[in-house]
Amino acid sequence: MSGYAVPRLPLLSPPLGASVPEPAGDPVRADDSAGAAGPAGALDVAPVCAAAASPTPDGFGAPRWEVSDGSFTGPGFQPVPGSDPDLPAGPDGATGASYGSSYGSSYTPPPTGSYTTADPDPSLPPPPPPPPPQDTLPPRPAAPVDPLGPRLIQESLAVVAPRADAVLSHFYALLFIERPDLRSMFPPMMDAQRDRLLAALLRLGASAGDPESQRGFLRQLGRDHRKYGVLAEHYAAVGVALIGALARFSRDRWNEATQEAWLGLYSWASRVMIEAAEEDAMVSPPWWDARIIVHERRGPDIAILTVAPDRPLPYRPGQHVTVETPWWPRVWRHYSIANAPRPDNLLELHVRAVPAGWVSQALVHRARVGDHLRLGPARGALVMRGESLRRALCVAGGTGLAPIKALVEHMAQRQLAHDAHVFIGARRTSELYDLRALSQMAEMYSWLHVVPAVSEDLSFSGARGTLPDVLARYGDWRDHDVYISGSSAMVSATRLRLTGELGVEPGRLLTESLDAVSQGDRLLEAR
């Protein structure tokens, strides 16, 4: 592991009674509504220091660009001139080469057999080889043990919490003054970025008495930072700016002991993240270049994309990936993979264009066959536990259908289901955008039963009502493994109904809220 420690600093608190001017305006604040996450436009877990590589001048069509350390290459991204998030809409329901097959295409059963690597794009140079394996890993960094540290850290957080927004503005101002080269590497709008940083800071500070409990969280952050081009050297600049901002707003409550406590905690946390990133680099690239090979519109605001990664992207059915487009560099959104792993390594993504959603609007209305995207590593816990034969209940709302479809394909490939019911909910019939594919699967597999349910369309001839109500009418689910994906409201209501009135043991449920994914899987919630 690379050696790292935050430089030892003089006491940064201003002298008692000194007049310290407020920062002149907010150098990084801007309205971030265009980047707000929705059911299909989820925000990524952003890094504490998201220093990505600078785009080459070659434009998006250029074959490669280099990360600042030269270790990996990827597609050359160019931002769209200007910053207007209102993207031109493509022709609704259009067909032809640019939009793939027409609405309502038939379902092709998942192929079986050994998994092989897809042929590489001959126009691109081969990817760099992975780093050689190491015989031994470096010793795991030990958490700080100062018994007074946790209390000092939590007291300082309580002091600055009422002015948290100003603290974070000052942090970024200090960081960009010291490292102005980093500002252009961050997302264009910083509000969501600051919210994530604050939540991560609160979570780490609240657990200062037991920092080891956050090791898994920090290791995940370290791995996720790789796709932004974060290097070990960047953590020092972040640490200095963080300590400076906390000292600035703690005023007379800041002292040398508090500063040392924060330095110890941050140095340990950064070493954990660096260690995880280095281990991940031995086995995985920071991102995958992917080409859109099918773009199929399913109504005015939904598209199904099939993308071909430049190398196999490992994942488990039910997981999601983050996506970056050439039109909004450094802005990543989560989308669930809608198919089980295939021999050709293709991935199917379901995207709903949300109002003012930069990435989702671009993917639905602007993307075309042949366009390139970047994909981050697969994440998520909505996966099957074990490979035994089972009874399954799958509940999907909106584009929450994507991971459910992948799970059903996996059951079919591995012959894991004795009996499976899939309930697909929507407000109107027109929103059942992939019902035909699921219905054709049910015709092929006698163990699969697909039940569409519509809550607001009185003309619908099938089940009517909300998903929890429909489930209550349809049967006894106590001996089923349950998978639920959709909006947080639907997931919560369905979970409550199943574990309460319908008697399903909570341990049989696995859920994924699209709203939770939009907050980075809730990884940044303070405990």
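Rules behind the numbers
- Residues numbered from 1 in each chain as written.
- Predicted model: local features only at pLDDT ≥ 70, side-chain atom pairs only at ≥ 80, totals over all residues.
- Heavy atoms only, no water.
- Core = buried A, V, L, I, M, F, W, Y, C linked by side-chain atoms within 4.5 Å.
- Buried < 20%, exposed > 50% of the residue type's maximum accessible area, 1.4 Å probe, protein only.
- Helix = DSSP H or I, 4+ residues; strand = E, 2+ residues; numbered from the N terminus.
- Contact = heavy atoms within 4.5 Å.
- Pairing = 2+ DSSP bridges.
- Axes fitted to C-alpha atoms, helices over the stretch in contact; angles between N-to-C directions.
- Phe/Tyr/Trp six-rings, centres within 6.5 Å; stacked < 30°, edge-to-face > 60°.
- Lys NZ or Arg CZ within 6 Å of the ring centre and 35° of its normal.
- Salt bridge = Lys/Arg side-chain N within 4 Å of Asp/Glu carboxyl O.

Colleague: Any chance you could explain the nonpolar core here in plain terms?
Modeller: As a rule of thumb, nonpolar side chains are buried together in soluble globular proteins. If you look at the biggest cluster of nonpolar residues, it comprises 45 residues, and the most contacted ones within it are Phe 171, Leu 175, Leu 218 and Trp 262. Among the secondary structure elements, those contributing two or more residues to this core are α1 (149-160), α2 (164-178), α3 (191-206), α4 (215-225), α5 (234-250) and α6 (256-281). Beyond its immediate sequence surroundings of up to four residues, Leu 218 is in contact with Leu 204, Trp 268, Ala 269, Val 272 and Met 273. One finds Ala 392, Ala 396, Tyr 433 and Val 450 within the second-largest nonpolar core, a separate group that totals 31 residues.

Colleague: Would you mind going over the sheet that holds strand β12 (residues 448-454) with me for this structure?
Modeller: Within a sheet, adjacent strands bond to each other through the backbone by hydrogen bonds, running parallel or antiparallel. With parallel pairing, six strands are arranged side by side in an open sheet as β13-β12-β11-β10-β14-β15. Each edge of the sheet is formed by a strand with only one pairing partner; in this case those strands are β13 (463-464) and β15 (509-513). Bridge analysis of strand β10 (residues 390-397) against strand β11 (residues 417-426) gives eight bridges, and the strand direction is parallel. The partner of Arg 390 across the bridge, within β11, is Ala 417. Sheet strands touched by helix α8 (residues 401-414): β10, β11, β12, β14 (481-486) and β15. Its angle to β10, the strand with the most contacts, is close to 155 degrees.

Colleague: Which parts of the structure should I look at to understand the packing of aromatic side chains?
Modeller: The geometry of an aromatic ring pair comes down to the distance between the two centres and the angle between the two planes. Enumeration over the complete set of coordinates arrives at seven aromatic pairs. Ring pairs connect the aromatic residues Phe 171, Tyr 172 and Phe 176, which therefore count as one cluster. Sitting over the ring of Trp 287, Arg 374 keeps its end group 4.1 Å from the ring centre.

Colleague: Hey, could you run me through the pattern of salt bridges in this one?
Modeller: For side chains of opposite charge, pairing can occur when their charged atoms come near one another. Overall, the coordinates contain 23 salt bridges when judged by the stated rule. Across the pair Arg 226 and Asp 280 runs a salt bridge, and its minimum N-O distance is 2.8 Å. One end of the pair, Arg 226, is in the loop between α4 and α5; the other, Asp 280, is in helix α6, with 54 residues separating them in the sequence. Per residue, the accessibility class of Arg 226 equals that of Asp 280, and both read buried. The partner of Arg 311 in a salt bridge is Asp 310, with the nearest N and O atoms 3.2 Å apart. We classify Arg 311 as buried; its relative accessible area is 16%. A residue is classified by how much of its surface remains accessible, and Asp 310, at 22% relative accessible area, is partly exposed. Residues joined in a network through salt bridges with shared partners are Glu 296, Arg 298, Glu 348, Lys 405 and Asp 434.

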